[in-house]
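Residues per chain are reported as follows:
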Amino acid sequence: MSNSRLMEHKSKIKYVLDVLIWTSVTLLAYALRLEGDFSGFGTQIMMVTAILSFAKAIIVYLSGTHLQSWRNTSFADLFQIIKVSAIVAIPFFGYALYSRTIASTIPLTVPAIEFILSVLALVGIRAVTRYWIKYHLPISRRNFKSKRVLIAGAGESGTMVAREMLKHSNEHLTPVAFVDDDESKKKQKFMGIPVVGKISNLRAVVRKYQIDEILIAMPSETGAVVRKVVEAARESGAEFKIVPAIYDLLSGKVSIEHIRNVDVQDLLRRKPVQLETGPIKQYIEGKRILVTGAGGSIGSEIVRQISRFNPAHVILLGRGENSLHTLVREISERIPSLKYTIRVADVRDYNTLQLIYSKDKPQVVFHAAAHK
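About the criteria used
Residues numbered from 1 in each chain as written. Predicted model: local features only at pLDDT ≥ 70, side-chain atom pairs only at ≥ 80, totals over all residues. Heavy atoms only, no water. Pairing = 2+ DSSP bridges. Helix = DSSP H or I, 4+ residues; strand = E, 2+ residues; numbered from the N terminus. Axes fitted to C-alpha atoms, helices over the stretch in contact; angles between N-to-C directions. Expected span 1.5 Å × (residues − 1). Buried < 20%, exposed > 50% of the residue type's maximum accessible area, 1.4 Å probe, protein only. Salt bridge = Lys/Arg side-chain N within 4 Å of Asp/Glu carboxyl O. pLDDT = per-residue confidence, 0-100. Contact = heavy atoms within 4.5 Å. Right-handed = clockwise from strand over helix to strand, strands pointing away.

Visitor: How should the sheet that holds strand E10 (residues 364–367) be read in this particular structure?
Guide: Sheet strands pair by backbone hydrogen bonding; their relative direction is either parallel or antiparallel. With parallel pairing, the 4 strands of this open sheet are ordered in space as E9-E8-E7-E10. Taken across any chain shown, the strands that pair with only one partner, and hence form the sheet edges, are strand E9 (340–344) and E10. Each strand of the sheet is rotated relative to its neighbour by a mean of 15°, with strand direction disregarded. Across 5 bridges, the pairing between strand E7 (residues 288–292) and strand E8 (residues 313–318) is parallel.

Visitor: Could you clarify how one ought to interpret helix H5 (residues 156–167) in this entry?
Guide: Along its 12 residues, H5 runs 16 Å from first to last C-alpha, staying within 8% of the 16 Å computed at 1.5 Å per residue. H5 sits mainly inside the fold: 9 of its 12 residues count as buried. Taken together, the buried positions of H5 are occupied by Ser-157, Gly-158, Thr-159, Met-160, Val-161, Ala-162, Glu-164, Met-165 and Leu-166.

Visitor: I'm lost on the pattern of salt bridges in this one. Help?
Guide: Oppositely charged side chains can pair when the atoms bearing their charge come close. Applying the stated rule across the entire model yields 14 salt bridges. Ionic pairing is found between Asp-346 and Arg-348, a salt bridge with its closest N-O pair at 3.1 Å. Using a relative accessible area of 54% as the deciding quantity, one classes Arg-348 as exposed. Each of Glu-301, Arg-304, Glu-330 and Arg-334 takes part in one network of salt bridges that share partners.

Visitor: Where do I start with the confidence of the model for the chain in this structure?
Guide: Segments scoring low in pLDDT should not have their predicted coordinates read at a detailed level. Confidence in the prediction of the chain, expressed as mean pLDDT, is 82, and 83% of residues score 70 or more. By mean pLDDT, helix H8 (residues 264–267) is the weakest element of the chain at 52, and E7 is the strongest at 95. Scored below 50 in pLDDT, residues 246–254 shows 21 contacts in the model against residues more than four places distant or in partner chains.

Visitor: Which parts of the structure should I look at to understand the pairing of strand E6 (residues 239–242)?
Guide: Across a regular strand the side chains alternate sides, sitting on one face of the sheet and then on the other. Judged from the 4 bridges that link them, strand E5 (residues 213–216) and E6 form a sheet pairing that is parallel. Looking across to E6, one finds that Leu-215 is bridged to Lys-241. Read from E5 through helix H7 (residues 223–236) to E6, the crossover connection turns out right-handed.

As structure tokens, then:
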């Protein structure tokens, strides 16, 4: 079955569920108001439920609430549900007021109860579905071959990696617990996973929770801290891997693909230098910047960093077309707002440089080419 056909069937099922759940809320509202005694209200309940059911079926279709992704329910979806519930509740309350002037009186509290229950029921079914798909289902699918993972660091990177593990059960990695030295996180849960101790307790935690692999998720920590964790991990006997340093995660995305073995650079990390960004921004913002050797490791990092300060235009100059192409792909994915021009040239070619300066008119030059 094609994806479009599958999505169409899912939407139909969600449409029916929304209408049925929302309709049953009317009966429940009457049951709560009348405390289960429907004497004298049977005909009214049937008529009101039938009329509202018809109205709700139309509103669900027109508002498109059944097209919401239940596994990714957001506050925007919540507000939409409140809005569509109010569209029914307000006229219903108005009619209840009017009914007091005729023989058939609708209790005024029924529309209010119906509104509250509608929001709770429609949001509830989405929240339960989201929880089941994102947390319970991935865990239930894991088999005995899954590695039990302890995450060292319960910060943003750690929780993002835990989320990825829960989402991608086919990777056979089960996040079991966090360890973190932050006292404020003690005994808290992130993504349903508990913080069970400090880094100093790592060996005991590995034994207690039968950990197979330790993931070091501390991209902004110094080499000294990483060395401390690595030493404890070695002594525990468990395998250990790491999430890259912070400059590799500027896009704000952490995935399982970023996890790798610990290397020497991780152990030698220096404490990040606190730059005075004001003067740097003043120097770069709104100017045309030329970066030579832009495809190299240093040049490409310069491009990443200066992009934070809103340059008017960046001229990417380098000899290697492949390395420049790789950088351009990264810019397209991570910094789509950056305006740039590619110039394939050798900095030792004086005539070509003259043409580039004449045409592109750079105001600031960062000279990172290997040939100087």
